[in-house]
Structures are given as structure tokens and as C-alpha cells.
Amino acid sequence: MSDFIPQQGDFSFLRFRKTGRYFGPFMTGGTVTTQSAASANSLRTFPFFVPKTQKFDRIAIRVTTLASGTTPKARLGVYEDKGDGSVYPGKLVLDAGEVDVNTTGLKELTINLTLKGGKLYWLAFVGQDTTALVLAAIPAADAMATFLGFDNGLTGTPYLGYAVTQSYGALPATYPTASPTDWSLNVPLIALRKA
């Protein structure tokens, strides 16, 4: 019997992303659902792995229930991972700008973003006055990758991202480290479109 010889190369299925399609922070085996995102001034980030250098031309969310606040806007962006093994957002890569969330449907911004292969990034969302806002989301139970592991009691709760208190406005140059909350709810579907 001959020895097994491992093959060289990139075998990650994530390197196959169809041009013109949106890709979110997680793959899902279920139907996209909804997640309340009513907390204003909560900067939320979710991991987005890029195995091969790729270019993206849109960033978007889908509003399923419109916000009823007086100035309902949301800001979208991308952070790179700190890269120190902490699996935590670091420097800002892109502040894409604002979308109005006072109507339902796709809310997208045109971007010109190339993300380097072999790196972990974080898709970011923060709302301004987001009373009653609901976004399309990936069900937490159906998220097929968990970069952050499970709780220490192994009760079945996967951690899927982070949330920190952040006053609405331009995204901070470095993701805040003060009192982050582990996110274990459905994941708001912040997505990038492959150019």
C-alpha cells in the first residue's frame, strides 16, 4: 500500500464565489429569517473569511420591517481581524457609508473593495434611530461555521460575532475593545457582492 501524499493548493470551497452574487458572514443550511436590530448605537460585527484574494462591488442589508424612528439610518463597513489569535476585529478597512432604513427591501452601497486571501475580515453594522427595524438574517442554529466557538458550559450556544456600544456616526478606525458582548442570536445578513 502506497503512502498518502497530501496535495498542494487551496481546497477551500469559499474560493468559489459566483460573480454578481451576494455572500454573507456564514453559510446557511436553512432559509434566511429575520432578526430584530432595534438597538441603536450598537456596532455589530460578524466574521467573513476570504481564502483567495477577491474583489467586491456592493455591500448590503435587506430591511424586512422598516424603522419607525425619526432619523432611521444604518452604516455598513468592513474591519480586518486583529491577526493576533484573539479572533477579534481590528482596523477599519471600509466605512461604506449610510443607507436609509425607513423603507423595506435591499439597501446597498456601491464599493470598490479588494480583500486579501487567507485573511479573516468582519462585516459591520451600526444603526442610528432603529426603532422597530428588522433585517433579513441567518438563523443562529443554521450558521455552518463558528470562528468563536461555543459557551464554556457547552449548552449549544454558538458565538457568532460581537456587539459593542458605539455612538452612531463614522465607524471608528479601530473596533472598540471595551466590554464586547458575544453575539449568539440570528446574524443580520450583511453581505458583500463579488465583482
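The rules behind each value
Here the residue index of a chain counts from 1 through its sequence in written order. For a predicted model such as this one, the threshold for reporting local features is a pLDDT of at least 70, and the threshold for listing and counting side-chain atom pairs is 80 or more; totals across whole chains, interfaces and linings nevertheless cover every residue. Each side-chain value is derived from all of the structure's non-hydrogen atoms; neither hydrogens nor water enter the calculation. Numbering of helices and strands runs from the N terminus; a helix is a DSSP stretch of H or I covering at least four residues, while a strand is a stretch of E covering at least two. Whether a residue is buried, partly exposed or exposed follows from its accessible area with a 1.4 Å probe, protein chains only, as a fraction of its type maximum: under 20%, in between, or over 50%, in that order. Here, two residues are considered to be in contact whenever any of their heavy atoms come within 4.5 Å of each other. The rule for pairing is simple: two strands pair if DSSP sees at least two bridges between them. Axis geometry follows a simple rule: fit a line to the C-alpha atoms, using only the stretch in contact for helices, then measure angles between N-to-C directions, giving values from 0 to 180 degrees. Within this document, salt bridges are pairs made up of a side-chain nitrogen of Lys or Arg and a carboxyl oxygen of Asp or Glu, the two lying within 4 Å of each other.

Novice: Which parts of the structure should I look at to understand the environment of glycine 117?
Specialist: Counting through the fold element by element, glycine 117 comes out in the loop between strand 7 (105-115) and strand 8 (119-127). For glycine 117, a relative accessible area of 28% translates into the label partly exposed. Beyond its immediate chain neighbours, meaning those up to four positions away, glycine 117 contacts Val50, Pro51, Lys52 and Thr53.

Novice: Where do I start with the sheet that holds strand 11 (residues 181-183) in this structure?
Specialist: Sheets are built from strands paired through backbone hydrogen bonds, the pairs being either parallel or antiparallel. Spatially, six strands are ordered 6-5-8-3-10-11 in an open sheet, and the strand pairing comes out antiparallel. Two strands close off the open sheet at either side, each with one partner strand: strand 6 (89-100) and strand 11. Within the sheet, the average angular offset between the axes of one strand and its neighbour, ignoring direction, is 25°. In this structure, strand 3 (residues 42-50) lies alongside strand 10 (residues 161-165), joined through four bridges in antiparallel fashion. Paired with threonine 45 across the strands is tyrosine 162, a residue of strand 10.

Novice: Hey, could you run me through the pattern of salt bridges in this one?
Specialist: For side chains of opposite charge, pairing can occur when their charged atoms come near one another. Per the counting criterion, the structure on display carries six salt bridges. Note that arginine 193 and aspartate 57 form a salt bridge whose closest N and O atoms lie 2.9 Å from each other. On the criterion of sequence distance, the pair formed by arginine 193 in strand 13 (residues 191-194) and aspartate 57 in strand 4 (residues 54-65) is long-range, its members being 136 residues apart. Relative accessible area serves as the criterion here: at 18%, aspartate 57 is assigned to the buried category. Between aspartate 84 and lysine 82 there is a salt bridge, with its nearest N and O atoms 3.8 Å apart. Salt bridges linked by common partners bring Arg75, Asp95 and Glu98 together as one network.

Novice: I would appreciate a short explanation of the pairing of strand 13 in the present structure.
Specialist: In regular strands, side chains alternate between the two faces of the sheet. Where strand 1 (residues 22-23) lies against strand 13, two bridges are found, and the strand directions are antiparallel. Paired with tyrosine 22 across the strands is arginine 193, a residue of strand 13. Across four bridges, the pairing between strand 4 and strand 13 is antiparallel. Bridge pairing in strand 13 places alanine 60 opposite alanine 191.

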